[in-house]
Amino acid sequence: VTPSFSSYNNFSQNSSEVTAEAITELSKIKEGSKVSITGSASIEGPAEYNYTLSEKRANVVAEFLAKNGVVVEDCKGIGAVNTESGRVAIIVLK
């Protein structure tokens, strides 16, 4: 299945707070849509901390979307996978 929407929502360093810019983007996802969310962290810091932070990022995005009627089918944190993983939550509309 080819995703019809993918969004990269940036977070500040060491933060899982959804930014105003991210809220604008997340609000574009229509009620009833089904999504998969993957949170990640930048490579700075210990692996365990980055994994926990990435999970928090994915969860805060999932909570926001669920409150707006979006169906969250999958939500996970992946830590800092590589130098390009960054401080993002990637949302794929199914």
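To be clear, the structure that these remarks concern was listed above.
Quick caveat, the model's predicted, so the values are computed rather than measured.

### Concerning the side chain of Asn50
Next up, step 1: Along the chain, Asn50 falls in helix 2 (residues 47–67).
Next up, step 2: Residue class for Asn50 comes out buried when judged on its relative accessible area of 4%.
Next up, step 3: A polar atom in the side chain of Asn50 sits 3.2 Å from the backbone oxygen of Ser42.
Next up, step 4: Excluding its chain neighbours within four sequence positions, the residues that come into contact with Asn50 are Ala41, Ser42, Ile43, Glu44, Gly45, Gly79 and Ala80.

### Regarding the pattern of salt bridges
Next up, step 1: Per the counting criterion, the structure on display carries 1 salt bridge.
Next up, step 2: With a shortest N-O distance of 3.0 Å, Lys28 and Glu25 are connected by a salt bridge.
Next up, step 3: Judged by relative accessible area, Lys28 falls into the exposed class, the value being 52%.

What counts, and where the lines are drawn
- Residues numbered from 1 in each chain as written.
- Predicted model: local features only at pLDDT ≥ 70, side-chain atom pairs only at ≥ 80, totals over all residues.
- Heavy atoms only, no water.
- Helix = DSSP H or I, 4+ residues; strand = E, 2+ residues; numbered from the N terminus.
- Buried < 20%, exposed > 50% of the residue type's maximum accessible area, 1.4 Å probe, protein only.
- Polar contact = N/O pair within 3.5 Å; in protein donor to acceptor, adjacent residues only side chain to side chain.
- Contact = heavy atoms within 4.5 Å.
- Salt bridge = Lys/Arg side-chain N within 4 Å of Asp/Glu carboxyl O.

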